Amino acid sequence: VTRDGLAVFSGGNDKTIRKWNADTGAELLMMEGHGGLVTCISISLDGKTVCSGSSDETVRLWDASTGASSHVMSGHSGCVYAVVLNTNASLVYSGSQDHSIKEWGVTSGECLRTLLGHTHWVSSLCVSIDGKHLYSGSQD
């Protein structure tokens, strides 16, 4: 759900992300490009950028108003189960079945670093509002 409450984004087994009008339920936009089911979505605080993770082992960035994909980020060796944008939408973090967390630059689409330490797949991620802390959840 966007911060203003006007739109809802969903991802599914059909490999698409859809934008919905929160009041009427009408579909506003469909984004296609993933090669596998969409497992997770994060929306920037300003509502302009959508980030998605998929069983195709990629992370994608999308323009929330046009549906255009700006970057496809590859590097995980397992399904991506969690994505989160930081507060100013300059970084994306992704957590995967490969037990790793990756930090990506939104502008470049490049992997800036890989965080290791979990012994099971990473299922959830959260960035503190001040951007200083990244929290991760796993079954380990």
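Residues numbered from 1 in each chain as written. Predicted model: local features only at pLDDT ≥ 70, side-chain atom pairs only at ≥ 80, totals over all residues. Heavy atoms only, no water.

(A) Spotlight on unusual backbone geometry. Non-glycine residue Lys15 carries a positive phi angle of around 70°. The phi dihedral of Glu57 is positive, around 75°, even though this residue is not glycine. Relative accessible area serves as the criterion here: at 32%, Glu57 is assigned to the partly exposed category. (Buried < 20%, exposed > 50% of the residue type's maximum accessible area, 1.4 Å probe, protein only.)

(B) Summary view of the pattern of salt bridges. Summed over the entire model, instances satisfying the criterion amount to 3 salt bridges. A salt bridge links Arg18 to Asp14, with the nearest nitrogen and oxygen atoms 2.9 Å apart. With a closest N to O distance of 3.2 Å, Arg113 and Glu103 form a salt bridge. On the criterion of sequence distance, the pair formed by Arg113 in strand S11 (residues 111-115) and Glu103 in strand S10 (residues 101-105) is long-range, its members being 10 residues apart. (Salt bridge = Lys/Arg side-chain N within 4 Å of Asp/Glu carboxyl O. Helix = DSSP H or I, 4+ residues; strand = E, 2+ residues; numbered from the N terminus.)

(C) Representation of the pairing of strand S12 (residues 122-127) in the model. Where S12 lies against strand S13 (residues 134-138), 5 bridges are found, and the strand directions are antiparallel. What sits directly across from Ser124, in S13, is Gly137. Here S12 folds back onto S13, and the loop between the two strands holds 6 residues, one of which, Gly131, carries a positive phi near 75°. (Pairing = 2+ DSSP bridges.)

(D) Quick look at the environment of Gln97. Structurally, the position occupied by Gln97 is in the loop between strand S9 (91-96) and S10. Note on Gln97: relative accessible area 39%, which makes it partly exposed. Considering only alpha carbons, one finds Gln97 and Thr107, 10 residues apart in sequence, at a separation of 25 Å. When near neighbours in sequence (up to four residues on either side) are disregarded, Gln97 contacts Gly78, Cys79, Tyr81 and Trp121. (Contact = heavy atoms within 4.5 Å.)

(E) Layout of the sheet that holds strand S4 (residues 38-43). Reading across from one edge, S4-S5-S6-S7 is the order of the 4 strands in this open sheet, with antiparallel pairing throughout. The open sheet terminates on both sides in strands that have one partner only, identified here as S4 and strand S7 (69-74). The sheet shows a mean angle of 20° between the axes of neighbouring strands, taken without regard to direction. Alignment of strand S6 (residues 58-63) against S7, held across 5 bridges, turns out to be antiparallel. Bridging from a neighbouring strand, Leu61 pairs with His71 of S7. (Axes fitted to C-alpha atoms, helices over the stretch in contact; angles between N-to-C directions.)

(F) Focus on the pairing of strand S5 (residues 49-54). Where burial is concerned, most of S5 is hidden: 6 out of the 6 residues are buried. Side chains Thr49, Cys51 and Gly53 project from S5 onto one buried face, and the interleaved Val50, Ser52 and Ser54 project onto a second face that is buried too. In the sheet, S4 pairs with S5 via 5 bridges, with the strands oriented antiparallel. Its bridge partner lying in S5, Ile41 is registered against Ser52. In textbook terms, the turn of a hairpin is the stretch between consecutive antiparallel strands, and for S4 and S5 this stretch comprises 5 residues, one of which, Gly47, has a positive phi near 75°. In terms of strand pairing, S5 meets S6 through 5 bridges, oriented antiparallel.

(G) Summary view of the sheet that holds S9. In space, the 4 strands of this open sheet follow the order S8-S9-S10-S11, with antiparallel pairing throughout. Strands at the two margins of the open sheet, each flanked by one partner only, are strand S8 (80-85) and S11. The sheet shows a mean angle of 20° between the axes of neighbouring strands, taken without regard to direction. Direction of pairing for S10 relative to S11: antiparallel, over a ladder of 4 bridges. Each residue of the ladder has a partner; that of Glu103, found in S11, is Arg113.

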